[in-house]
Amino acid sequence: MKKKIIIITICVLATAGAVFAYYMAGVASYQNKVKNTIITEVDTTKIPDGTYIGEYDVGFLYVKAAVTVKDGEMTHIELIEHHNDRGVVAEIIIDDMISEQRINVDGVTGATNSGTVIKKAVENALRNAG
């Protein structure tokens, strides 16, 4: 009986260790993707009026955005989906993007990764317009 308990304990610990290692590999991949994300401005004056959809997914964070362009300016940004950890506070940057008419606005402390993913989704939406 004691031998059975030891074997079960070893199996449970091994499984837990494997799950933890898998999770940590996912975290490392997500962090690397965010770190290597490059935000590039898009000239909205060359984009026809309309609403364009863009997405960006880094594993733990995902954003799907709809960006409306009218008369060469971003007039509305809607986050259709924002799967985030604690990054909902980053959503305020969409107001800054519209008021400053640029994508790469200052981020929000504590939600840098979500802000990066939001910016890239907006960039991708504008690129989809072309």
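See the structure shown above.
Residue indices begin from 1 for each chain and proceed along its sequence in written order. A pLDDT threshold of at least 70 governs which residues receive local features in this predicted model, and a stricter bar of 80 or more applies before side-chain atom pairs are shown or counted, although totals over entire chains, interfaces and linings include all residues. The basis for every side-chain value is the complete set of heavy atoms in the structure, and neither hydrogens nor water enter the calculation.

(A) Summary view of the pairing of strand S3 (residues 73-83). Here, a strand pair is defined by DSSP locating no fewer than two bridges between the strands. Each helix is a run of H or I in the DSSP string that is no shorter than four residues. Each strand is a run of E no shorter than two, and both are numbered from the N terminus. With 9 bridges joining them, strand S2 (residues 62-70) and S3 adopt antiparallel strand pairing. Residue pairing for S3: Val-69 is matched across the bridge by Met-74. With antiparallel pairing between neighbouring strands as the criterion, S2 and S3 make up a hairpin whose turn holds 2 residues, including Asp-71 at a positive phi of roughly 55°.

(B) Focus on the pattern of salt bridges. Whenever Lys or Arg places a side-chain nitrogen within 4 Å of a carboxyl oxygen from Asp or Glu, that contact is recorded as a salt bridge. Scanning all chains against the criterion turns up 4 salt bridges. One salt bridge connects Arg-102 with Glu-100, and the closest N-O pair in it is separated by 2.8 Å. Buried means the residue's accessible area, taken with a 1.4 Å probe over protein chains only, is under 20% of the maximum for its type, while exposed means over 50%, and partly exposed covers the values in between. Given a relative accessible area of 38%, Glu-100 falls into the partly exposed group. Residue Glu-123 pairs with Lys-120 through a salt bridge whose shortest N-O separation is 3.2 Å.

(C) Examining the nonpolar core more closely. To qualify as a nonpolar core, a set must consist of buried Ala, Val, Leu, Ile, Met, Phe, Trp, Tyr and Cys residues joined through side-chain atoms within 4.5 Å. If you look at the biggest cluster of nonpolar residues, it comprises 31 residues, and the most contacted ones within it are Met-97, Ile-118, Val-122 and Leu-126. Elements with a minimum of two residues in this core: helix H1 (2-35), strand S1 (50-57), S2, S3, helix H2 (93-100) and helix H3 (112-129). Should any heavy atoms of two residues lie within 4.5 Å, those residues are counted as being in contact. Ile-118 has contacts with Val-63, Leu-79, His-82, Ala-90, Glu-91, Ile-93, Ile-94 and Met-97, leaving out every residue within four places of it along the chain.

(D) Quick peek at the environment of Pro-48. Relative to the assigned elements, Pro-48 resides in the loop between H1 and S1. Accessibility expressed as a relative area gives 47% for Pro-48, which makes it partly exposed.

(E) Representation of the packing of H2 against H3 in the model. The convention used is that axes are lines fitted to C-alpha atoms, helices contributing only their stretch in contact, and that angles between N-to-C directions extend from 0 to 180 degrees. Packing of H2 against H3 leaves a shortest axis separation of 10 Å and a crossing angle of 45°. Classified by the interaxial angle, the pair formed by H2 and H3 is oblique. Judged by the twist between their axes, the crossing of H2 over H3 is right-handed. Residues Ile-93, Ile-94 and Met-97 of H2 touch H3, and the partners they reach there are Gly-115, Ile-118, Lys-119 and Val-122. In the scheme used here, Gly and all other residues not listed as nonpolar or charged are polar, with Ala, Val, Leu, Ile, Met, Phe, Trp, Tyr, Cys and Pro taken as nonpolar and Asp, Glu, Lys and Arg as charged. Grouping the constituent residues of the contact of H2 with H3 by class yields 5 nonpolar, 1 polar and 1 charged. Working rule for angles: under 35 degrees goes down as roughly parallel, over 145 as roughly antiparallel, 65 to 115 as roughly perpendicular, anything else as oblique. Crossing handedness is read from the near helix: turned anticlockwise from the far helix by less than a right angle, it gives a left-handed crossing, and turned clockwise, a right-handed one.

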